[in-house]
Structures are given as C-alpha cells and as structure tokens.
Amino acid sequence: MPKLDWATNALNTLLANRCLFCGRNGDAVCRGCFQGLPWLEHCCQRCALPIGAKEGICGHCQKQTPPFQHCISLWSYEFPIDKVIQDFKYQYKSAAKQFLCQQLAKLVAQHNKHGNSNFDALLPVPSHPLKRLLRGYNQAHVLAREVSRYCSIPLIQAVKKSRWTGSQQGLGRKARLQNLRNSFQLSRPVAGMKLLLVDDVITTTSTASIISHMLMDAGAESVSLASLARTPQHMTT
Ligand SMILES: [Zn+2]
Ligand SMILES: [Zn+2]
C-alpha cells in the first residue's frame, strides 16, 4: 500500500472514532450531542416550518395550500447541525455524509412504513449540470440515492434543471420564484405515482413547490418532501 494511502486510511479510522460534534473519542455521534441536536418537533404539519406549537398549520400554508402533501424533516437548520450539513454539502466530508444519509433514510423508512405513504419512487431536487460539474456532485442526489438503497424505493430522475438560476441566497420570495420559473423540465412520465422529493435543506418552499406543481400537472398522484433540515422563518426573511 502506498505511504499516502496508508496515512489517509489511518487518519480516516482515527476520525471515524470521534464524535462529529464534540470530537470526543467513541461513537460517530455521542449520545449527548445526538440528544442535543435541534430535532424538529414543533412544526407545521404541512410544510414542517418550525412554529413553536406541537400541532397546527403555519400562516403560509393557511393562506395558500402547498402543491405537496407534506414535508418530513429531521432538524431545524441551526447550530450545530448546520455546520455538519455544510461539511457534507460543500466539502463532501464522509463522516458527515454517512451520519446525515443514515438519519434521513431512517426517517423516511419509518414514515413509509407507519405513515402508509408507500412511495412509488423518490427523486432529488436537481441541480444545474454546471453546478454539478463545479462541485462534483449534487448533494440532494447523494441523499436520495442512500435513502433509496436503505428503504428499497426506486430512485428516478424525473426533473432536470435546464437553466442556471445562480445562488438563491439573499433573494426575497418573489425574486426567488421569478428566478426559478421555467428553470426545471420534466424528463420522464410520472402519472399515477406517489413521489418523494428529496433535498438537503428547505429554506423557503419555493423550489419544492415549483417542482411539485410540475409533477402534479404531469399526473402524479401525490408529492411529498423529505429534507435533512428546515430553516426557521426568522432566518428566511
Ligand atoms: Zn459529542
Ligand atoms: Zn406550513
């Protein structure tokens, strides 16, 4: 084995035995850190927006019923899970990827079994080919692939992103929608299917809504969303 490979493997083994959050030796995530994560408990039953109440529908969903059936998310997008999601999203750190994929897969499996969802297929929120080329991967696709394997739900590529929309950060809701419109294209039939759309973080639901509309217009039976985290409202305005 070349020296460098040996050193990399040794380093990976060493890091694999440290908690992702506090760095203590032991499990990949220690019990204390795991329990202390910002688990999403009090959120809108429809779009998973943290609303501080155990049950209910947020103001946005009351004003306008979303085109997706509901959204399942693990965490509120805040410290310290935000940092680990960024490590996965921008640096593809393998310990972060492994932990996040595993947690989302478990949540979807639980939901699919007990929520009687019986998804026919899951699909990632697509990224533009140029973005994929620059980053080397689409993190939503990586998540969807792992969830698909774990839950034995087929993975399909039903939507393509055909127009570059640039970064959506810092844009208001209206500007985001305008920017996103016409940027996605349907690439296969989805009629009669119960679909699960997978993304890493759902900030506003504008992207998910546009894709859901497109899938429902193409005859899908239902579209639900799954994400690692949901951004609290005060961070999106
Ligand atoms: Zn820890
Ligand atoms: Zn809502």
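See the structure printed just above.
Just so it is clear, the structure is predicted and the values come from calculations on it, not from any experiment.

Thresholds, definitions, all that
- Residues numbered from 1 in each chain as written.
- Chains lettered and ligands numbered in written order.
- Predicted model: local features only at pLDDT ≥ 70, side-chain atom pairs only at ≥ 80, totals over all residues.
- Heavy atoms only, no water.
- Donors = N, O, S within 2.8 Å, 3.2 Å for Na, K, Ca; no water.
- Buried < 20%, exposed > 50% of the residue type's maximum accessible area, 1.4 Å probe, protein only.
- Phe/Tyr/Trp six-rings, centres within 6.5 Å; stacked < 30°, edge-to-face > 60°.
- Helix = DSSP H or I, 4+ residues; strand = E, 2+ residues; numbered from the N terminus.
- Polar contact = N/O pair within 3.5 Å; in protein donor to acceptor, adjacent residues only side chain to side chain.
- Pairing = 2+ DSSP bridges.
- Axes fitted to C-alpha atoms, helices over the stretch in contact; angles between N-to-C directions.
- Contact = heavy atoms within 4.5 Å.
- Expected span 1.5 Å × (residues − 1).
- Salt bridge = Lys/Arg side-chain N within 4 Å of Asp/Glu carboxyl O.
- Core = buried A, V, L, I, M, F, W, Y, C linked by side-chain atoms within 4.5 Å.
- Parallel < 35°, antiparallel > 145°, perpendicular 65-115°, else oblique.
- Left-handed = near helix turned anticlockwise from the far one by under 90°.

Draft legend 1. Spatial organisation of the coordination of the zinc ion (ligand 1). The protein atoms that coordinate the zinc ion (ligand 1) are Cys 19 (SG), Cys 22 (SG), Cys 30 (SG) and Cys 33 (SG), at distances spanning 2.3 Å. When the donors of the zinc ion (ligand 1) are listed by position in the chain, the intervening gaps give C-x2-C-x7-C-x2-C. Look at Cys 22 and you get partly exposed, because its relative accessible area is 34%.

Draft legend 2. Fine view of the packing of aromatic side chains. On inspection of all chains with the given rule, the structure shows 7 aromatic pairs. Taking the centre distance of 6.1 Å and the plane angle of 80° together, the rings of Phe 21 and Phe 99 count as edge-to-face. One end of the pair, Phe 21, is in the loop between α1 (3-16) and α2 (31-35); the other, Phe 99, is in helix α5 (residues 94-114), and 78 residues separate them in sequence. Three or more aromatic residues joined by ring pairs make a cluster, and in this case those are Phe 21, Phe 34, Trp 39, Trp 75 and Phe 99.

Draft legend 3. Geometry of the side chain of Ser 206. Along the chain, the position of Ser 206 falls in helix α9 (residues 206-217). Engagement of the side chain of Ser 206 in a polar contact is seen with the side chain of Thr 204, the distance being 2.6 Å.

Draft legend 4. Examining the sheet that holds strand β1 (residues 71-76) more closely. Strand order in the open sheet made by the 4 strands is β1-β6-β5-β2, with parallel pairing throughout. The sheet is open, and its two borders are formed by β1 and β2 (121-124), each paired with just one other strand. Taken over all neighbouring pairs, the strand axes of this sheet differ in orientation by 20° on average, direction set aside. Here β2 runs beside strand β5 (residues 194-202); their pairing, made up of 4 bridges, is parallel. Bridging from a neighbouring strand, Leu 122 pairs with Leu 196 of β5. Set on the sheet, α5 makes contact with β1, β5 and β6 (222-230); between it and β1 the angle comes to about 140°. Across the sheet, α9 is in contact with β2, β5 and β6; its angle to β6 comes to roughly 160°.

Draft legend 5. The environment of Val 142, seen in detail. Checked against the element boundaries, Val 142 lands in helix α7 (residues 139-151). Placed 57 residues apart in sequence, Val 142 and Asp 199 show a C-alpha to C-alpha distance of 9.6 Å. In this view, Val 142 contacts Phe 88, Tyr 92, Lys 97, Cys 101 and Tyr 137; residues no more than four positions away in its chain are not counted.

Draft legend 6. Representation of α7 within the structure. Between its terminal C-alpha atoms α7 stretches 18 Å, which fits the 18 Å expected from 13 residues at 1.5 Å a residue. Gln 139, Ala 140, Val 142, Leu 143, Ala 144, Glu 146, Val 147, Ser 148 and Cys 151 are the residues of α7 that are buried. Two to three positions downstream of the cap, the backbone nitrogen of Ala 140 sits 3.0 Å from a side-chain oxygen, assigning the N-cap of α7 to Asn 138. Phi turns positive, to about 55°, at Ser 152, one or two residues after α7.

Draft legend 7. Structural context of the pattern of salt bridges. The tally for this structure, following the rule as stated, stands at 5 salt bridges. When the shortest N-O distance is used, the salt bridge between Asp 200 and Lys 89 registers 3.2 Å. Linking Asp 200 in strand β5 with Lys 89 in helix α4 (residues 81-91), this pair joins segments that are 111 residues apart in sequence. Connected through salt bridges with shared partners, the residues Lys 83, Asp 87 and Lys 93 form a single ionic network.

Draft legend 8. Region of the structure containing the nonpolar core. Residues Trp 75, Ile 85, Leu 100, Leu 104, Val 108 and Leu 228 are the most contacted members of the largest nonpolar core, which totals 36 residues. Counting residues per element, this core draws most heavily on α5, which supplies 8 residues. With sequence-adjacent residues up to four places away left out, Ile 85 is seen in contact with Tyr 77, Leu 100, Val 201, Leu 228 and Ala 229. Counting residues in each nonpolar core, the second largest holds 30 residues, with Ala 48, Cys 58, Phe 184 and Ile 210 among its members.

Draft legend 9. Seen up close, the packing of α5 against α7. Running from N to C, α5 and α7 cross one another at 50°; their axes reach a closest spacing of 9 Å. Comparing their axes, α7 and α5 come out oblique. In the packing of α5 onto α7, the handedness of the crossing is right-handed. Listed contacts from α7 to Lys 97, Leu 100, Cys 101, Leu 104, Ala 105, Lys 106, Val 108 and Ala 109 of α5 are Val 142, Leu 143, Glu 146, Val 147, Tyr 150 and Cys 151.

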